[in-house]
Amino acid sequence: MDISQKARNHMEHLIEIHHITKDYGRQRGVFDLSFQVKKGEVLGFLGPNGAGKTTTIRQLLGFIKPDSGSLRIAGMDCFQDADKIQNYLGYLPGETAFIDSMNGMEFIQFVAKMKGMKDLGRAQELMSRFDFNPTGKIKKMSKGMKQKIGIVCAFMQDPEILILDEPTSGLDPLMQEQFVSLILQEKKRGKTILMSSHMFEEVEKTCDRAVIIRNGRLVAVESMETLRSNRKKIMKITFQTNEMAAAFASEVSNAACEKETVVLNVGMDLDEVIKKAAVYTVVDINVHTQSLEEFFLHFYSLKEEEK
């Protein structure tokens, strides 16, 4: 279901979070958090476990009310107008509450009825796309199979706005790629998407910007280009001789040389490093890219240095 053209024309941001605080005590919750999601944008919502991502999303859905501040979706108050917002919204929770006595198709039909849907053509397309057989009992399904049900239910109404909490949790790599493809397709169609994720690769492939929070507080709002430039790769390059390794190490920064092997941190200068290494005889190259957790530690330390 589409938001009215008049509403679209007057809203640059379809999701707005203004100075929200939800304090559970002992530094748990979110504190004075503000950010917006632009119309037609895919925004990554990043942070370590316990950072406050799910607490924020639950407030957007109207499940809990902030102690202070405001949240709006399509110009409507997320708490007072939660029922109206559901008409425009697709939601995939981090933990979906299933009715285990149902099979997959019965649950999808149950959700469709709640949404007032009569046509399940889109649901059938999604089940085919994710190679999902909905006839099995939910209580016997794996985490990955249950996640596919959640994805079908979130997308089958063809909503204009999507809020996705760890959407690929439990999916195998092939299905993760299918999900990335789906997000890129929806992005081309102009959908507005807020996606919480622990997987840097899916955020990197799909998102325009990312909001990073820690301990319930905003750390940064950055473009994906900036995040890529800050994400490091650790390279181990083994050369034919000690002399070659030493010569190469003297030509690059952040390098440590041990016999024939040079270890260095590489960012956006990867091409330059490879070209310099190619002058010598390279025996082996091993590359370790920072995990999202390692990236957070690196990114937070950079932010501390900037203060």
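Here, every reference points to the structure presented above.
Sequence order as written defines the numbering, with residues in each chain counted from 1. Confidence filtering applies because this is a predicted model: local features only for residues at pLDDT of at least 70, side-chain atom pairs given and counted only at 80 or more, and all residues used for totals across whole chains, interfaces and linings. Hydrogens and water are ignored here; the side-chain numbers use all heavy atoms of the structure.

> Would you take a moment to explain helix H10 (residues 242-249) for this structure?
If you check which residues of H10 are buried, you get Met244, Ala245, Phe248 and Ala249. An end-on view of H10 places all buried positions within 130° of arc, on one side of the element. Whether two residues are in contact is decided by their heavy atoms, any of which lying within 4.5 Å being enough. Secondary structure elements follow DSSP: runs of H or I of four or more residues count as helices, runs of E of two or more count as strands, with numbering from the N terminus. Looking at the packing, one finds that the buried side of H10 touches strand S11 (233-239), strand S12 (255-258), strand S13 (261-266) and helix H11 (270-277). A simple rule labels every residue: compare its accessible area, found with a 1.4 Å probe on the protein chains alone, to the largest value its type can have, and call it buried under 20%, exposed over 50%, or partly exposed in between. Think of the arc as the fan of directions from the helix axis to the C-beta atoms.

> I keep staring at the sheet that holds S13 and nothing clicks. Help me out?
The strands making up a sheet associate through hydrogen bonds between their backbones, and the pairing can be parallel or antiparallel. We treat two strands as partners when DSSP finds at least two bridges between them. Strand order in the open sheet made by the 4 strands is S12-S13-S11-S14, with antiparallel pairing throughout. Looking at the sheet topology across the chains shown, the edges are occupied by S12 and strand S14 (282-289). Between one strand axis and the next, the sheet turns by 15° as a mean value, whatever way the strands run. Here S12 pairs with S13 via 4 bridges, running antiparallel. Counterpart to Ala256 in the pairing with S13 is Val263. Lines fitted to the C-alpha atoms define the axes, with helices restricted to the stretch that makes contact. Angles between their N-to-C directions range from 0 to 180 degrees.

> So what exactly am I meant to see when it comes to the packing of aromatic side chains here?
Each aromatic ring pair is characterised by the separation of its centres together with the angle its planes make. Aromatic rings from Phe, Tyr and Trp, with only the six-membered ring used for Trp, were paired whenever their centres fell within 6.5 Å, and each pair was classed as stacked if the ring planes differed by under 30 degrees, edge-to-face if by over 60, and tilted otherwise. Scanning all chains against the criterion turns up 7 aromatic pairs. An angle of 85° between the planes, with centres 6.3 Å apart, marks the rings of Phe155 and Phe179 as edge-to-face. Of this pair, Phe155 sits in helix H6 (residues 143-155) while Phe179 sits in helix H7 (residues 173-188), placing them 24 residues apart in sequence. Phe179 carries the same exposure label as Phe155, and that label is buried. Ring centres of Phe239 and Phe248 lie 5.0 Å apart, and the angle between their planes is 45°; on these two criteria the pair is classed as tilted. You can call Phe239 buried: its relative accessible area is 2%.

> What is the right way to read the packing of helix H4 (residues 104-114) against H6 from this model?
Axes are the key here: two packed helices are described by the angle between their axes and the distance separating the axes. Relative orientation of the contacting elements H4 and H6 amounts to 25°, with a least axis distance of 10 Å. With respect to their mutual orientation, H4 and H6 come out roughly parallel. Relative to H6, the crossing made by H4 is right-handed. Along its contact with H4, which presents Gly104, Phe107, Ile108 and Val111, the element H6 presents Ile149, Val152 and Cys153. Our angle categories are set so that under 35 degrees counts as roughly parallel, over 145 as roughly antiparallel, 65 to 115 as roughly perpendicular, and the remainder as oblique. A clockwise turn of the near helix away from the far one marks a right-handed crossing, whereas an anticlockwise turn of less than a right angle marks a left-handed crossing.

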